[in-house]
Amino acid sequence: MEDQKQHKRRVRYKGTHPRKYSEKYKELNPEKYQDTIEKVIRKGSTPAGMHLSICVQEILDFLQIQPGQKGLDATLGYGGHSQKMLQCLNGQGHLYALDVDPIEIVKTKKRLNDLGYGEDILTVIQQNFADVDKVSGEHGLFDFLLADLGVSSMQIDNPERGFSYKNEGPLDLRLNPHSGISAAERLKECTQEELQGMFIDNSDEPYAKEISRAIVSEIRKGNRIETTTGLTDVIAGALSFLPEKERKDEIKKSCARVFQALRIDVNSEFEVLDAFLQKLPSVMAPGGRIAVLTFHSGEDRLVKKSFKELKKEGIYSDIATEVIRPSAQECAMNSRARSAKLRWAVRA
């Protein structure tokens, strides 16, 4: 019949296993293909379109969530941490969850709603966690709070978002693609000195001078750098002077660092984190517990410094004296956990 929907065949792929993000139809439908998801995770990989939460038990052990409490997940992402925190509430209390990403927040809200977590216990808000004071002003002080500062795997793996040098896509890197300017636009307006400083400050790039010079030279020639592969090609060209034996590995490392540096800059991540840390004590109830999960040294330094200073001022009654890291077993199952560092603080 004309009004019936025409059957749409799934995307075909070459070989025995799908390689492109769009072809991984089983991984992109975890509810339907659970066996495939489990196989991918057992191999130490993250299924396409998913995110494996890190340090879950360590976070729950510290937060000590009790039914009836009010909490905040400052960075909702895929919702794995939120789901575990909601389980601890056991139907009593309330969890508020923030995310700046307008694309993933809709999917995650539906996923949690489908698990039975409705408006009575969960409120999802599209908001940057730098504005945590606005959320608290409307909803009150929190008994527990988690901020996972890592970029979610479903953002990294989706080539349309431009977060990874490994996939062809637009050079975007914005957590909210509807706000601000893309990484491609940012490159056009930067001087070599600005780019060099960005790469050093945001990712400790050892070849910052060579790469920044190559990028500016390419743009001055009238060649646009608007795709992820376009930028990786420029980086590879800038490092062509390296000995052949080590060149390939060094190019990969530099690509990862440059993309990280650009992402931090485009999303003003350090400025956002600084604003969040300054406002954090004002949104916590007395005795409120805070857990912050970082993924690179710049973030960890900011968190460590803030917690230490506020403990000295008596604003926090206790803080982590040593950083908590994921177990070796977790790192083996999820390679993206290796750089994670967990710090905590307790509001006086």
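Conventions and cut-offs
- Every chain's residues receive numbers from 1 upward, in the order its sequence appears when written.
- In view of the model being predicted, local features appear only for residues whose pLDDT reaches at least 70, and side-chain atom pairs are presented and counted only at 80 or more, with totals across whole chains, interfaces and linings using the full set of residues.
- Side-chain calculation: all heavy atoms of the structure are included, whereas hydrogens and water are not.
- Starting at the N terminus, helices and strands are each numbered in turn, a helix being any DSSP run of H or I of at least four residues and a strand any DSSP run of E of at least two.
- Summary of the burial criterion: residues with accessible area below 20% of their type's maximum are buried, those above 50% are exposed, and those between are partly exposed, where the area comes from a 1.4 Å probe applied to protein chains only.
- What makes two residues a contact is simply this: any of their non-hydrogen atoms within 4.5 Å.
- Per-residue and other accessible areas follow the Shrake-Rupley method at a 1.4 Å probe size, with only the shown protein chains counted as cover for residues.
- For this analysis, a polar contact is any N or O atom pair within 3.5 Å, provided that within protein one partner can donate a hydrogen and the other can accept it, and provided that sequence-adjacent residues contribute only side-chain to side-chain pairs.
- Think of each axis as a best-fit line through the C-alpha atoms, taken over the contacting stretch in the case of a helix, with angles from 0 to 180 degrees between the N-to-C directions.
- Here is the rule for angles: anything less than 35 degrees is roughly parallel, anything more than 145 is roughly antiparallel, 65 through 115 is roughly perpendicular, and the remaining ranges are oblique.
- Helix crossings get a hand from a simple test, with the near helix turned counterclockwise from the far one by less than a right angle marking a left-handed crossing and a clockwise turn marking a right-handed one.
- Note that Gly is not counted as nonpolar here; it falls among the polar residues with everything else outside the nonpolar set of Ala, Val, Leu, Ile, Met, Phe, Trp, Tyr, Cys and Pro and the charged set of Asp, Glu, Lys and Arg.
- When DSSP finds two or more bridges between two strands, those strands count as paired.
- Think of a salt bridge as a Lys or Arg side-chain nitrogen and an Asp or Glu carboxyl oxygen that are within 4 Å of each other.

So, on to the overall build of the protein chain. Helices and strands together make up the secondary structure of the protein chain, namely 14 helices and seven strands. The buried share among the 348 residues of the protein chain stands at 49%. The long-range fraction of contacts in the protein chain, counting pairs at least 24 apart against all pairs at least 6 apart in sequence, stands at 69%. Of the accessible surface of the protein chain, which amounts to about 18200 Å², a share of 47% is contributed by carbon and sulfur atoms.

With that settled, the discussion passes to the side chain of Asn176. Within the secondary structure, Asn176 sits in the loop between α6 (153-157) and α7 (183-189). Under the relative-accessibility criterion, Asn176 is labelled buried at 16%. Looking at Asn176, its side chain comes within polar contact range of the main-chain nitrogen of His178, at 3.0 Å. Those residues in contact with Asn176, other than ones at most four positions away along the chain, are Val100, Pro102, Gln126 and Asn267.

Moving on, we get to the environment of Ser164. Relative to the assigned elements, Ser164 resides in the loop between α6 and α7. Residue classification places Ser164 among the buried residues on the basis of a relative accessible area of 10%. Sequence separation between Ser164 and Gln260 is 96 residues; the distance between their C-alpha atoms is 9.0 Å. Look past the residues within four positions of Ser164 in its chain and what remains in contact with it is Ile156, Thr228 and Phe259.

A pair of packed helices is characterised by two quantities: the angle between their axes and the separation of those axes. Packing of helix α10 (residues 228-238) against helix α11 (residues 244-266) brings their axes to within 10 Å, and their N-to-C directions diverge by 125°. When the axis of α10 is compared with that of α11, the two are oblique. Considering the relative orientation of α10 and α11, their crossing is right-handed. On α11, the residues that touch Thr228, Leu231, Thr232, Ile235 and Ala236 of α10 are Ile251, Ser254, Cys255, Val258, Phe259 and Leu262. Of the residues assigned to the contact of α10 with α11, the class counts are eight nonpolar, three polar and no charged.

This brings us to the pairing of strand β4 (residues 142-148). Counted residue by residue, β4 has six buried out of seven residues, so it is predominantly covered. Of the strand pairs in this sheet, strand β1 (residues 70-73) and β4 are connected by three bridges, and their pairing is parallel. Across the sheet, the residue bridging to Leu72 is Leu145, located in β4. Pairing analysis gives six bridges linking β4 to strand β5 (residues 284-294), with the strands arranged parallel. The partner of Leu146 across the bridge, within β5, is Ala291.

Where helix α2 (residues 56-63) contacts helix α3 (residues 80-89), the two axes come as close as 11 Å, and the packing angle between them is 40°. Here α3 runs oblique to α2, going by the angle between their axes. By crossing handedness, the relation of α2 to α3 is classed as right-handed. Residues Val56, Ile59, Leu60 and Leu63 of α2 lie in contact with α3, whose contacting residues are His81, Lys84, Met85 and Cys88. Residue classes in the contact of α2 with α3 are distributed as six nonpolar, one polar and one charged.

To continue, consider the pattern of salt bridges. Applying the stated rule across the entire model yields 15 salt bridges. Ionic pairing is found between Asp172 and Arg174, a salt bridge with its closest N-O pair at 2.8 Å. Looking at Arg174, the relative accessible area reads 13%, which means it is buried. Here Asp249 and Lys253 are joined by a salt bridge, their closest N and O atoms 3.4 Å apart. A residue pair is termed a helical-turn pair when its members lie 3 or 4 positions apart in one helix, as Asp249 and Lys253 do in helix α11 at four residues. The class for Asp249 is partly exposed, based on a relative accessible area of 42%. Judged by its relative accessible area of 38%, Lys253 falls in the partly exposed class. Within this structure, Glu185, Lys188, Arg224 and Glu226 form a network of salt bridges that share partners.

The next subject is unusual backbone geometry. Even without being a glycine, Gln64 presents a positive backbone phi close to 50°. Along the polypeptide, Gln64 turns up in the loop between α2 and β1. Within the chain, Asn90 stands out as a residue other than glycine whose phi angle is a positive 55°. Within the secondary structure, Asn90 sits in the loop between α3 and β2 (94-99).

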